[in-house]
Amino acid sequence: MNALSDLFWRRPGLLLALLLGPPLLWLGIVYVGALVALLAQSFFSIDEFSGVVDRTLTLKTYAELLRPANLDIIIRTVTMAAAVTLASIAIAFPIAYVAARHARGRWKAAFYLAVMLPLWSSYLVKIYAWKMILAKEGIVSWAATGLHLGWLLDGLLALPVLGGPSLSVSYLGTFLVFVYVWLPFMILPMQASLERVPSNLLEASADLGAEARQTFAHVILPLAIPGIVAGSIFTFSLTLGDYIIPQIIGNSAAYIGMAVYQQQGTAGNIPLAAAFAVVPIVIMMAYLWFAKRMGAFDAL
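Residues numbered from 1 in each chain as written. Predicted model: local features only at pLDDT ≥ 70, side-chain atom pairs only at ≥ 80, totals over all residues. Heavy atoms only, no water.

**Q** Provide a residue-level description of the packing of helix H4 (residues 68-101) against helix H9 (residues 171-195), including the pertinent values.
**A** Look at H4 against H9: their axes get within 6 Å of each other, and the N-to-C directions meet at 45°. By the criterion of interaxial angle, the relationship of H4 to H9 is oblique. Considering how the two elements wind past one another, H4 and H9 form a crossing that is right-handed. Its residues placed into classes, the contact of H4 with H9 shows 23 nonpolar, 4 polar and 3 charged. (Axes fitted to C-alpha atoms, helices over the stretch in contact; angles between N-to-C directions. Helix = DSSP H or I, 4+ residues; strand = E, 2+ residues; numbered from the N terminus. Parallel < 35°, antiparallel > 145°, perpendicular 65-115°, else oblique. Left-handed = near helix turned anticlockwise from the far one by under 90°. Nonpolar A, V, L, I, M, F, W, Y, C, P; charged D, E, K, R; others polar.)

Structure, rendered in structure tokens:
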């Protein structure tokens, strides 16, 4: 045992290799290897007559993504991800600000409990619960009728594209559930970023005669941007890849995650499924580059 300790002391690089070797091998083979295999499959094509995968390298499958139906799926998914991210920012910012600047002791513990508690329950249970809440005979409709706001709910459901027979089978319902599920992933990085804002900067802003809105616009918001971008990494990427929520909530319009699932499982078109899967990877690589430029990783 002493000889082994001496060996590691004389050769710290050996100890480092033994500690990092297994996880790096797992990451390289299982994770990166799977991504490489996925990328390789996207350069194959499928024979339209026999349904057999042709392993000749081609860009034909990527060209299929430009077909109106497939392009509509990509645009719909990116638009939903952007809308969910913007709504999460608007909802999370006041919550995170109060928790970071005013909550202390038990109140801060209550804040963390309230934010984390939804994450402890089953993902599917939450989605099916929202299906019942947003249904035509659900709690939302009952509350709107009781508050004499049925006209407002009917107006929202009558909106073109966004509406539908009920919230549970509409784009608006899908949007609401996405925001609910991913909101904690926006609140926590934003709260951590706001906690790092020095109090003396706020005091200096007030001493220089700045109004509250000026302090917010020129001091708080710029320093909170890394946390906002860090949270948006989660909300944007998770919405891009999710396929369960759109299957249970909404009008069955396809999203990228659903297209991957359907093309690989039902249609058996693995090259097209791989090409669809590459789209979020490319989008997130560009987004992560932007996030790094904004200093978002410092707030994680």
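Read on for the rest.
**Q** Residues and numbers for the side chain of Lys-108, please.
**A** Its place among the elements puts Lys-108 in helix H5 (residues 106-116). With near-sequence residues (within four places) excluded, Lys-108 lies in contact with Ala-99, Ala-100, Ala-103, Gln-191 and Glu-195. (Contact = heavy atoms within 4.5 Å.)

**Q** Break down the confidence of the model for the protein chain for me, citing the residues and quoting the values.
**A** Averaged over all residues, the pLDDT of the protein chain equals 82, while 92% of them reach at least 70. Ranking the elements of the protein chain by mean pLDDT puts helix H1 (residues 2-10) last, at 65, and H4 first, at 90. (pLDDT = per-residue confidence, 0-100.)

**Q** How would you explain the pattern of salt bridges if you had to name every residue and give the values?
**A** Inspection of every chain in the model, using the stated rule, returns 2 salt bridges. Across the pair Arg-76 and Asp-72 runs a salt bridge, and its minimum N-O distance is 2.3 Å. One end of the pair, Arg-76, and the other, Asp-72, are both in helix H4, 4 residues apart, so they sit about a helical turn from each other. Here Asp-72 falls in the partly exposed class, since its relative accessible area comes to 38%. Of the charged contacts, one joins Glu-195 and Lys-108 as a salt bridge, the two residues approaching to 2.3 Å between their closest N and O atoms. Placement of the pair is Glu-195 in helix H9 and Lys-108 in helix H5, with a sequence separation of 87 residues. (Salt bridge = Lys/Arg side-chain N within 4 Å of Asp/Glu carboxyl O. Buried < 20%, exposed > 50% of the residue type's maximum accessible area, 1.4 Å probe, protein only.)

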